[in-house]
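Coordinates in review
This is what each chain is made of:
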Amino acid sequence: MSDSELILCLLPSVIALLLFSVLIHRRQTHLNLPPGLSGWPFIGETIGYLQPYSATTIGHFMEQHVARFGKIYRSNLFGEPTIVSADAGLNRFILQNEGRLFECSYPRSIGGILGKWSMLVLVGDMHRDMRTISLNFLSHGRLRTHLLREVEKNTLLVLGSWRDNSTFSAQDEAKKFTFNLMAKHIMSLDPGEPETEQLKKEYVTFMKGVVSPPLNFPGTAYWKALRSRSTILKFIERKMEERIERKKEAGERVEDDDLLGWVLEYSNLSTEQILDLILSLLFAGHETSSVAIALAIFFLEGCPRAIDQLREEHLDIARAKREAGETELNWEDYKKMEFTQCVISETLRLGNVVRFLHRKALKDVRYQGYDIPCGWKVLPVIAAVHLDPHLFDQPQHFNPWRWQNNGRASSSSGTGPSTGNYFMPFGGGPRLCTGSELAKLEMAVFIHHLVLNFSWELADSDEAFAFPFVDFPKGLPIRVFSHSQ
Ligand code: HEM
């Protein structure tokens, strides 16, 4: 093809592209978009937005943008025009209007690694069906009858391996605890068994890929994670086949008291859907809670007064149990852990395990005079609200006592709406975390046995960073001292 023929061929596409950008530009100039910057072509401001920063702050990028443009600004992130919201009211509005004005919209790479049937990426009816399964499985009833016992057993298993005056990574120990718990709850895998350990090893590689750039070529973390994903899926599939085989042999219903048994028995999901559901629950239930426990260990270490008050609360519970001749924690004991709940809320507020959510606008939306165009990405930054000095007194300060007012923190002005309305560590609306009650139970039971049996100090300086996933770069090394009750 000659040069002139090539130009003739390409000309209509170039003109169409130009016209399209002129139309988009015209439309945008008629809209009252929030102020902001577009950044570089294609990458926009993504690199600045993802720069690591201390997890108890909103980071330099966000601070600068909020100071310059206000709590609602426009940007270009993850390759798309985006509205970023650090505004408590807008965040709430976005989450409450899921499926009507906004919709969950995680980057494609997340779907690539967690699977297209993962709950994080599904929308509409399919999301609703998967959510129902997850809610049933994490129901209040199951927490009381099954999970509390398992949570305590797994806590004691981890804490029982800690020796007086020993040093180790608190983050690794928290991960061990939440992984063992989820593996048991989802597929009845026992801690320490070779297959559980093998799965854990694959899972570590998998996790590194979930949080790394989606560059799929040999040697990258993402590429290795995709390989681990298929090994993990083969493992789960093998477990499924064993179950089906066992049922055939027994010639009757075999009730397996785990998620796998439950979906095989009661759901119409395909194999592919079951695999993605299990993988995404393992991910959602393990990573978040372990970071939250590590954060609690970290914040408490810097707040001896809170440890003293916790110890008092848990000694009372332990004493009453001894007198009643009971050993295992029950639901009534859990309900007595009032100050512990304040510590949990404060840990989640200050540590912000999940910092922002991914949404897109389904329609043109007008909010407080600003236009959010249909199709634009919208990022409600929940961390920015939890660290807002207008809503929380000295937001960078770990202060569990702020939650003592019926579980709602007092607002910094003392006159405004209760900040409990804006406290959203588990998201909100129709996608509110289905594991929130389990996560709080895990934290409370872990704290119960931790403060009763140990004191601890940081063995090396470390602090939580947002990468934006929250992580302790050195794994939070601690030295523990056991003490008799
Ligand atoms: C401290 C621990 C946890 C935190 C901070 C947390 C936070 C969140 C947040 C913010 C969301 C909303 C995501 C969105 O709207 O895009 C979410 C969703 C979810 N979480 Fe959690 N989570 C925690 C623990 C758990 C646990 C223990 C489980 C399960 C065992 C779990 C399972 C889920 C599931 C299945 C979803 C998706 C819900 C849906 O799409 O309907 N999470 N979590």
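Here is what the cut-offs are and how they apply
- Residues numbered from 1 in each chain as written.
- Predicted model: local features only at pLDDT ≥ 70, side-chain atom pairs only at ≥ 80, totals over all residues.
- Heavy atoms only, no water.
- Helix = DSSP H or I, 4+ residues; strand = E, 2+ residues; numbered from the N terminus.
- Buried < 20%, exposed > 50% of the residue type's maximum accessible area, 1.4 Å probe, protein only.
- Contact = heavy atoms within 4.5 Å.
- Areas by Shrake-Rupley, 256 points an atom, 1.4 Å probe, with all protein chains shown as cover.
- UniProt positions renumbered as here; feature names shortened; annotations may be inferred.
- Pairing = 2+ DSSP bridges.
- Axes fitted to C-alpha atoms, helices over the stretch in contact; angles between N-to-C directions.
- Patch = residues over 30% accessible without salt bridge, like charges linked within 9 Å, V, L, I, M, F, W, Y side chains within 5 Å.
- Salt bridge = Lys/Arg side-chain N within 4 Å of Asp/Glu carboxyl O.
- 1 Å grid on protein atoms, 1.4 Å probe; cavity = no way out; pocket = protein on both sides within 12 Å on 5 of 7 lines; lining within 4 Å.
- Points joined across faces, edges and corners; volume = space filled by probe spheres on them.
- Nonpolar A, V, L, I, M, F, W, Y, C, P; charged D, E, K, R; others polar.
- Phe/Tyr/Trp six-rings, centres within 6.5 Å; stacked < 30°, edge-to-face > 60°.
- Core = buried A, V, L, I, M, F, W, Y, C linked by side-chain atoms within 4.5 Å.
- Lys, Arg positive; Asp, Glu negative; His and termini not counted.
- Charge placed at Lys NZ, Arg CZ, Asp CG, Glu CD.

**Some words on the overall build of the protein chain**
When you go through the protein chain residue by residue, the secondary structure sums to 17 helices and 13 strands. Put simply, the protein chain has 485 residues, and 51% of those count as buried. Considering only contacts within the protein chain whose residues lie at least 6 apart along the sequence, 70% involve residues at least 24 apart. In the form shown here, the protein chain has an accessible surface area of approximately 23,000 Å², with 55% of it arising from carbon and sulfur atoms.

**Focus on the UniProt feature "binding site: heme" (unreviewed entry) in the protein chain**
Within this structure's numbering, the places UniProt gives as "binding site: heme" (unreviewed entry) are C433. Examined against the element boundaries, C433 turns out to sit in the loop between helix 16 (382–386) and helix 17 (436–453). Residue class for C433 comes out partly exposed when judged on its relative accessible area of 32%.

**Some thoughts on the sheet that holds strand 2 (residues 72–77)**
Taken together, the 5 strands give an open sheet; going across it, the order is 2-3-9-6-4, and neighbouring strands pair in mixed fashion. Strand pairing shows two members of the sheet lacking a second neighbour, strand 2 and strand 4 (102–104), which therefore form its edges. Ignoring strand direction, the axes of neighbouring strands in this sheet form an average angle of 35 degrees. Across 6 bridges, the pairing between strand 2 and strand 3 (residues 80–85) is antiparallel. Each residue of the ladder has a partner; that of I72, found in strand 3, is S85. In the packing of helix 3 (residues 59–69) onto the sheet, contacts are made with strand 2 and strand 3, and the angle to strand 2 comes to roughly 130 degrees.

**Here we look at a nonpolar patch on the surface**
The grouping of W40, F42, I43 and I47 at the surface amounts to a nonpolar patch, some 550 Å² of accessible area in total. Structurally, W40 can be placed in the loop between helix 1 (3–30) and helix 2 (46–49).

**Considerations on empty space enclosed by the protein**
Using a probe with the size of a water molecule, rolled over the atoms, empty space left in the structure can be pinpointed. The final tally for this structure, using the stated rule, is 1 cavity of 30 Å³ or more. The calculated volume of the largest cavity comes to roughly 30 Å³. What lines the largest cavity is A88, N91, I382, V385, H386, Y422 and M424. Contributing elements (two or more residues each) for the lining of the largest cavity: helix 4 (88–96) and helix 16. Tallying contributions element by element places helix 16 first for the lining of the largest cavity, with 3 residues. Split into classes, the residues belonging to the lining of the largest cavity amount to 5 nonpolar, 2 polar and no charged.

**Things to note about the packing of aromatic side chains**
One pass over the structure, following the stated rule, counts 23 aromatic pairs. Relative to Y73, the ring of F69 lies with its centre 6.4 Å away and its plane at 40 degrees, an arrangement referred to as tilted. Between F339 and W401 the ring centres are 5.5 Å apart and the planes differ by 35 degrees, which places this aromatic pair in the tilted class. Of the two residues, F339 sits in helix 15 (residues 338–351) while W401 sits in the loop between helix 16 and helix 17, which places them 62 residues apart along the sequence. Looking at F339, the relative accessible area reads 4%, which means it is buried. Overall, W401 belongs to the buried group, its relative accessible area being 17%. The rings of W162, F168, F177, F446 and F454 are connected pair by pair, giving a single aromatic cluster.

**Some thoughts on the nonpolar core**
Counting residues in each nonpolar core, the largest one holds 108 residues, and the members touching the most others are W162, I297 and W456. Ranked by residues supplied to this core, first place goes to helix 12 (residues 271–301) with 18 residues. Apart from the residues within four sequence positions on either side, W162 is in contact with F168, E173, F446, L450, F454 and V480.

**Quick look at a negative patch on the surface**
Judged by side-chain charge, E237, E241, E245 and E249 come together as a negatively charged surface patch. Residue position: E245 is located in helix 10 (residues 221–250). Judged by relative accessible area, E245 falls into the partly exposed class, the value being 41%.

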